[in-house]
Amino acid sequence: MKKSTTPVDLRAQRREILDSRAAGERLIIISSGTCGQASGSQAVIDRFNEELEKRGLQRSVAVKITGCHGLCECEPDVLIWPEGLYYRNVEPTQVPLIIEETVIGGRAVESLLYKDPATGLPCKQPWDIPFYRKQKRLLTEKNLFLDPEKIDDYLAIDGYEALTKALSRTPEWVIGEVGKAGLRGRGGAGFPTDVKWRMCRSQASGAKYIICNADEGDPGAYMDRNLLEANPHGVIEGMIIGAYAIGACKGVIFVRHEYPLAVRHALNAVEQAREAGLLGNNILGSDFSFDIDVIEGSGAFVSGEETALIASIEGRRGQPTPKPPYPAERGLYGKPTVINNVETWANIPLIILRGWEWFSAIGKPGNRGTKIFSLVGKVNITGLVEVPLGTTLREMVEDIGGGIKGGKKFKAVQTGGPSGGCLPAEKLDLPLDYESLAAAGTIMGSGGMIVMDEETCMVDIALYFLRFTESESCGQCAPCRVGTRRMAEILKSMTSGTATPADLEELETLAQTVKETSLCGLGRSAPNPVLSTLRWFRDEYMAHVIDKRCPARVCRDLIYYWIDPKKCLGCGLCSRACPAGAISKGDGGKFEIDPAACKSCGACSSACPGKAKAISKRDRFPKDTGI
Amino acid sequence: MRLNIDGRDIEVGGTPTILAAARQAGIDIPSLCSHEGLEPFGGCRLCLVEIEGRKGCFPSCATPALEKMVVRTSTPKLVSLRKRVLTLILAEHPCACLVCGERKTCEVLKQTQKKSEDVTGCQHCPAKSDCRLAQMVEIIGIDPKHIPSHYRGLPVRRDSPFIDRDPNLCILCGKCVRVCSGVRGSGVLSFVGRGSGTMIDTSFDRSLPESGCLSCGACVDVCPTGALTERTVRYLPHPKRTGLVICPLCPDGCSMELMSQAGQPVVVKPAASPVNSGQACVKGRFLLRELHDGQARIGRPMVRRNGELTEVSWDEAFETAAGAIRRLAGQGSACILPTDISLEDMQGFIRFAGDVLRTGLVAASPSPSIWDRTAGFASENGMRLPFDQRLEDIDKAAWVLVLSADVRAMHPMVWLRMVAAARQGATLILAGRRALRPHTGRTIEGRVVPGREYVFLEDMTAVLTSDKPGTALHPQAIAAAGILAGGGPGMVLIDAGFVTGPAGERNLAAAWNLARLTGAGFMPLGATANDRGLFELTAAGGPSSPLVPLKTIDKAVSDGKVGLLYLGCDPGFRDFRKPEFLICQVPRWTRAAEAADVVFPAAMPYEADGTFINSEGRIQKSPAAIHPHKEARPDRKILEALAEKLSPRPDHNAWERLPEGLTLPDKAGETGTFVASVRESGLKSVPQPTAPGPSTSVPGFPFLLYVEASEDRFRGADLSAEFKALAGIRGLGKVLINRDDAVALDISKGDMIEISPDGPVMIAEACPDIDLPPGLLILRPAVAGEAAGRLPACSPLPVKIRRAA
């Protein structure tokens with residue numbers, strides 16, 4: 001990579017790159033992010049290279065390795081360009097067929113195409129797939145054409161053009177654009193980005209810093225990993241523009257150690273940007289100088305909290321400090337610091353390049369632009385979804401997610417990770433924007449979205465999240481350290497059937513106390529899963545506490561397994577599978593489970609042959625008898 | 001600034017937090033984790049307040065008060081939240097006694113001795129009545145019904161010689177962590193673990209001493225519960241009396257609260273004086289009490305009869321001594337006085353020697369002091385130094401150059417000022433061979449061979465004056481010179497160890513010239529509690545005749561020219577030949593006292609009124625806090641009584657009166673002008689001597705062995721010889737070796753190595769050290785007495801080493 005010393009240089013380079021690429025070039029695009037690699041993309045890539053070489057096609061056909069394409073269940077997927085044919089779950093053995101049929105023959109391989117679950121019809125191109133059709137992929141669509149390890153690919157799609165534009169204007173203009181676009185922080189709280197920037201800019205201090213928070217830790221969330229893995233230059237460009245606007249001299253990408261590919265790509269991209277003269281002294285001939293360090297987090301959830309993150313970068317224990325002072329006043333090494341999350345930074349080049357008018361036309365008033373969600377749980381199609389803010393939950397779950405798996409009933413959706421809450425079916429038409437979610441008792445968070453069906457127990461879910469925050473609490477303040485533990489204890493007593501109505505009362509009081517008195521956001525939001533489930537699913541709590549019954553039949557202490565004598569074949573597989581020795585042969589050759597001995601492990605149910613399906617769950621304490 | 005708290009309009013100065021502003025106005029907000037001088041933590045959540053116009057609750061300890069702010073500290077909501085938070089705090093702390101209805105009647109039992117290790121209630125807690133958590137329960141009140149029990153059930157840690165840690169009583173307020181890193185610069189204690197497994201511990205679960213704990217006791221003093229306690233406290237009765245004394249164990253002059261019961265010191269705690277603001281070190285905090293009694297303390301006068309020292313009455317002892325003094329009047333006499341006693345007592349010794357013994361052979365031990373050396377150096381160069389730098393000047397420095405072997409251990413209050421300066425962004429430049437890094441802040445380390453520190457200093461000067469172009473300069477000196485050139489007030493600290501030895505003169509000149517060049521403050525640090533005092537006493541016309549250096553008496557005694565020697569301390573002579581008659585006047589047994597003909601039991605400094613002058617020239621009165629042990633008497637009283645026996649004169653009792661001229665300039669404190677002394681006219685640079693430094697290695701003996709004697713002394717006696725715990729903290733008994741050298745010789749930590757000079761072989765435990773220059777060994781002997789006699793006389797000594805079988 002040649003060093004560009006002026007915007008003209010950079011444009012000349014881009015032209016060179018584009019000229020070297022023949023129009024209508026045939027591309028084989030293979031998704032190979034962390035998810036793709038876990039599904040075996042490397043073997044597919046190797047096989048493509050091998051087969052192309054065998055046929056002498058390695059010069060005329062290019063294999064492009066990209067980050068994730070978003071549709072998780074189809075990984076590794078392969079896209080053949082320029083036709084745009086989309087093949088799902090490609091295995092190495094299918095590679096010769098794809099080359100013969102599609103690359104050479106120009107025909108689609110029917111069997112590898114995605115089939116619309118609703119109609120059963122094959123979808124040739126990605127935009128035919130309902131999952132993609134309903135999205136607005138501003139940030140993630142670029143992933144298709146970017147090899148994250150190559151700066152050329154980013155330059156080819158007008159990369160760093162936003163930076164040259166920003167550098168030709170004043171920092172105030174940049175902040176103004178971001179403000180008029182209405183961009184709000186994508187890390188969770190939705191704080192207006194320009195306000196934060198302006199606060200930092202107005203501080204009288206020689207050194208200022210910016211930080212990209214890529215310490216994504218919510219269970220089931222992977223938006224930031226994806227962006228950093230698939231398009232690191234997009235994030236870096238956003239950071240350089242932000243640094244210019246704020247007057248920062250140094251930036252840090254704080255990324256989880258558990259994201260090795262993201263770390264590698266970020267390090268590589270920073271190095272490339274430095275070589276290209278986009279980081280360092282006098283960027284593109286301006287008098288603005290800026291550089292970026294990549295720092296790995298050590299695996300504490302609380303380090304995603306701004307002040308704890310700063311402590312962690314400084315080499316101290318990742319533990320929050322009281323605010324104020326806010327990082328914009330006194331942050332990293334005591335200097336004014338702006339911390340934005342990966343997705344916020346990634347939005348900046350779009351806004352600058354395409355203008356605030358364009359950006360502010362997306363979404364709804366007060367909630368502009370798109371938001372990436374990781375849609376997981378009991379939906380038919382899971383994946384990374386980018387939609388305009390204000391899209392309803394129903395569109396997410398039913399249209400994009402393709403409804404609930406196995407034809408079961410929707411019960412709840414959990415947004416915002418351990419800091420968020422659960423929303424019930426009656427809230428399906430809630431628009432996904434910061435205010436509506438907050439009013440319903442949950443948060444946008446960084447974009448985690450877990451869909452739950454009727455077989456999910458909401459008390460159990462609350463317990464799951466409380467256990468997470470309990471073990472991830474830094475231990476600094478008593479409300480969070482002891483309060484979350486105590487709440488988890490009470491929830492556990494509910495799921496074991498030992499709770500009393502007084503416990504329920506204590507749980508509510510405790511949740512309020514922890515929410516109001518904790519030191520940092522982790523503690524203050526930790527009770528949200530409890531408070532929101534109490535708000536929307538109170539009857540389920542009452543069933544656990546009063547009736548000792550788990551309506552979803554999940555809590556093991558409240559159920560036992562039962563063999564329907566009418567269906568039992570008498571094969572005895574269940575008896576052999578039972579670790580507790582609770583199953584014996586009764587009268588008439590049918591097997592019976594002793595409820596007193598049953599540990600509710602479900603081994604018998606799994607062992608029961610499919611044609612019989614004689615074993616089901618029953619309430620241990622039926623409602624009429626009670627205890 | 002005006003604000004309104006709980007409906008009261010108050011006016012406060014400065015930029016306080018809401019908590020501080022409220023306390024100024026006499027409004028108490030409950031809190032457990034805030035502490036003056038420590039960074040706000042905001043962890044206990046008891047000090048939450050509401051602020052008009054803002055949503056939610058704010059920790060008043062961490063929220064700055066603002067003009068016109070309206071704060072409420074005890075709304076019904078806050079009271080209820082506080083109760084609930086306290087309930088959660090008590091979940092992890094044994095609290096049966098705190099909620100017991102009978103707790104008032106038990107209060108008296110709390111004062112008693114505790115034998116049980118497991119603390120299940122206040123009854124067994126070593127914190128006794130001094131528990132901040134119990135106070136909070138009284139103030140806030142709790143509902144005993146809803147306290148969950150999360151008792152940790154962990155073993156009590158007793159890995160430090162002085163400090164017990166009971167993690168079961170810890171409420172994680174983090175005060176100990178903050179004082180350890182922020183104030184002491186140690187960073188030994190930290191939070192470990194997460195969630196409910198969070199604890200305060202050392203890194204990697206090492207013992208406190210292994211983690212670098214110097215047992216300063218600061219953590220014990222800030223702990224609001226019984227989680228960190230002084231080991232002995234639980235076994236001792238509750239103290240009833242408190243006296244404020246000056247610690248005599250180092251030149252810093254800390255004020256200590258000596259708490260006693262029935263004439264016995266129970267606890268010695270640091271007081272909040274301008275010198276030590278509530279801080280102390282292991283010697284003052286834990287050893288001062290230990291020095292009071294025990295087998296080594298002498299309780300009654302003794303006289304040698306038939307070769308045995310026998311207890312006698314004071315009168316008999318005086319008669320024996322007076323007889324000997326009269327008898328040996330013609331054979332020459334000499335007197336050695338300590339410099340860690342009060343001015344009055346020192347004056348007593350000097351007057352006694354001059355007026356009664358009528359000898360010119362009077363010396364202080366140790367001598368010459370840094371004050372004699374620097375004043376002598378100045379007068380040789382036609383200057384007079386004002387010595388007017390104060391400890392608080394170090395706070396304001398942008399850089400501090402430290403010329404001391406171990407300032408952290410030997411001048412703990414100076415070290416605290418350095419840590420404070422480093423936290424404000426000052427750079428610490430360390431010329432000694434030992435790396436001393438505060439927990440935060442920037443340091444530049446010279447790592448120079450002992451005795452050749454001038455290399456580092458002269459190179460810094462060379463960089464600053466662009467002298468010596470083209471020569472290879474010490475790389476760290478170049479970095480340090482960059483800091484010095486950056487301007488900003490500087491401070492040069494220099495202690496006695498740095499100006500003794502063959503290169504002492506050159507070191508001193510180099511340090512002085514550097515201070516002149518940069519306009520930095522020049523602050524010598526004394527070696528004993530009152531060596532500055534003796535210097536000022538002499539300057540103010542105290543003694544009639546000047547004192548001689550200690551080695552003059554050493555030589556006179558060895559040459560047999562002294563018939564009677566009167567010792568106020570152990571002189572530390574290498575080969576001590578007892579003169580015909582030896583009188584020892586000391587509070588504790590030493591080698592010299594064991595050989596004496598008459599032993600007078602002297603009082604400890606805190607057993608008599610006295611005056612001390614610390615390194616910064618602060619004159620401090622130290623009143624008697626308890627009665628002298630058994631029959632011990634203050635030094636000057638013994639000397640006066642003996643003088644009365646020999647030549648009754650009316651003015652003997654006037655020895656206690658200090659000369660009128662003894663008032664010291666208080667420039668720095670009064671005018672606030674930093675480095676006034678150096679900018680004063682008449683002070684100039686001096687020609688740099690070029691005397692050779694110590695020899696370098698010799699063929700066949702690739703290493704240079706330096707012996708570093710223990711500096712923890714009281715009246716000449718080595719404290720680390722008596723207190724093994726102190727020897728452990730100081731890392732005595734080990735030989736430091738460069739880590740790469742150790743690796744090359746396959747020596748690892750804890751291995752015994754044979755050190756072979758051109759003489760008898762020594763064996764010591766190896767301690768590899770990354771900061772030590774290669775080819776160097778530093779032996780810090782742990783033993784006094786016989787074994788110490790076998791140590792090499794000269795230092796450095798060329799040696800070869802190998803791992804012992």
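Residues numbered from 1 in each chain as written. Chains lettered and ligands numbered in written order. Predicted model: local features only at pLDDT ≥ 70, side-chain atom pairs only at ≥ 80, totals over all residues. Heavy atoms only, no water.

With that out of the way, let us pick up the sheet that holds strand E1 (residues 26–31) of chain A. For sheets, the rule is that strands pair by backbone hydrogen bonds, running either parallel or antiparallel. Residue and element names in this part refer to chain A. Judged by pairing direction, the sheet is mixed, and its four strands sit side by side in the order E2-E1-E3-E4 without closing on themselves. Only two strands of the sheet have a single neighbouring strand rather than two, namely strand E2 (61–66) and strand E4 (85–87). Going from strand to strand, the sheet's axes swing by 20° on average, the running direction of each strand aside. One ladder, built from three bridges, connects strand E3 (residues 78–81) with E4; its direction is antiparallel. Following the sheet pairing, valine 78 is matched in E4 by tyrosine 87. Strands E1, E2 and E3 of the sheet are contacted by helix H3 (residues 41–54), whose axis makes an angle of about 160° with E1. (Pairing = 2+ DSSP bridges. Helix = DSSP H or I, 4+ residues; strand = E, 2+ residues; numbered from the N terminus. Axes fitted to C-alpha atoms, helices over the stretch in contact; angles between N-to-C directions. Contact = heavy atoms within 4.5 Å.)

This part takes up the pairing of strand E2 (residues 8–11) of chain B. Residues and elements named next belong to chain B. Inspection of the sheet shows strand E1 (residues 2–5) paired to E2 by four bridges, in the antiparallel sense. Its bridge partner lying in E2, arginine 2 is registered against glutamate 11. Counting the residues that bridge the hairpin from E1 to E2 gives two residues, and of these aspartate 6 lies at a positive phi of roughly 50°.

The next point concerns the nonpolar core. Ranked by internal contacts, the top residues of the largest apolar core, which has 121 residues, are Leu491, Met494 and Tyr541 of chain A together with Met418 and Leu493 of chain B. Once residues within four sequence positions are removed from consideration, methionine 494 of chain A is found in contact with Val459, Ala499, Asp503, Leu504, Leu507, Tyr541, His544, Val545 and Leu558 of chain A. Grouped together as the second largest cluster of nonpolar side chains are 116 residues, Leu227, Ala262, Phe288 and Leu389 of chain A included. (Core = buried A, V, L, I, M, F, W, Y, C linked by side-chain atoms within 4.5 Å. Buried < 20%, exposed > 50% of the residue type's maximum accessible area, 1.4 Å probe, protein only.)

What follows concerns the interface of chain B and chain A. Listed as interface residues are 28 residues of chain B and, on the opposing side, 31 residues of chain A. Across the chain B to chain A interface the summed buried area is about 2600 Å²; carbon plus sulfur atoms make up 57%. The tally of links between chain B and chain A comes to three salt bridges. As a salt-bridge pair, glutamate 472 of chain A and arginine 194 of chain B come within 2.5 Å of each other at their nearest N and O atoms. Linking chain B with chain A are 15 residue pairs in polar contact (both at pLDDT 80 or more), by the criterion used here. When contributions to the side of chain B that touches chain A are tallied by element, the ones reaching two or more residues are helix H2 (76–91) and strand E7 (190–192) of chain B. Broken down by element, the side of chain B that touches chain A gets its largest block of residues, seven residues, from H2 of chain B. By residue class, the composition of the side of chain B that touches chain A is 15 nonpolar, eight polar and five charged. (Buried area = accessible area lost by both parts, 1.4 Å probe. Salt bridge = Lys/Arg side-chain N within 4 Å of Asp/Glu carboxyl O. Polar contact = N/O pair within 3.5 Å; in protein donor to acceptor, adjacent residues only side chain to side chain. Nonpolar A, V, L, I, M, F, W, Y, C, P; charged D, E, K, R; others polar.)

What follows is about the packing of aromatic side chains. Within this structure, the stated rule accounts for 23 aromatic pairs over all chains. Seen in terms of ring centroids, tryptophan 512 of chain B and phenylalanine 522 of chain B are 5.2 Å apart; in terms of plane orientation they differ by 90°. Their pairing is edge-to-face. Note that tryptophan 512 of chain B is positioned in helix H17 (residues 504–518) and phenylalanine 522 of chain B in strand E21 (residues 521–525), a separation of 10 residues in sequence. The same class applies to tryptophan 512 of chain B as to phenylalanine 522 of chain B, namely buried. Taken together, Trp81, Trp127 and Phe145 of chain A form an aromatic cluster joined through their ring pairs. Positioned above the aromatic ring of tyrosine 259 of chain A, the side-chain terminus of arginine 256 of chain A is 5.3 Å from the ring centre. The ring of phenylalanine 373 of chain A has lysine 371 of chain A sitting right over it, with the charged end atom 5.7 Å from the ring centre. (Phe/Tyr/Trp six-rings, centres within 6.5 Å; stacked < 30°, edge-to-face > 60°. Lys NZ or Arg CZ within 6 Å of the ring centre and 35° of its normal.)

Here we take up the confidence of the model for chain B. Residues and elements named next belong to chain B. Overall, the predicted model of chain B reaches an average pLDDT of 88, with 93% of residues at or above 70. Low pLDDT (under 50) marks residues 784–788, which in the prediction has three contacts with non-local residues, meaning those over four places away or in another chain. Both scores are available for the predicted complex, with the pTM at 0.91 and the ipTM at 0.90. (pLDDT = per-residue confidence, 0-100.)

That bond from proline 324 of chain A to proline 325 of chain A is cis: its omega, 5°, falls within 30 degrees of zero. The topology assignment puts proline 325 of chain A in the loop between helix H13 (306–313) and strand E10 (337–341). Cis geometry marks the peptide bond from serine 367 of chain B to proline 368 of chain B, where omega comes out at -5°. Structurally, the position occupied by proline 368 of chain B is in the loop between strand E16 (362–365) and helix H10 (370–380). Positive phi, normally seen in glycine, also occurs at serine 215 of chain B, with a value near 55°.

Turning to the environment of glycine 369 of chain A, a few remarks are in order. All names here are of chain A. Inspection of the secondary structure assignment puts glycine 369 in the loop between strand E12 (367–368) and strand E13 (370–377). On the accessibility criterion, glycine 369 (0% relative accessible area) is buried. Separated by 18 residues in sequence, glycine 369 and valine 387 place their C-alpha atoms 8.5 Å apart.

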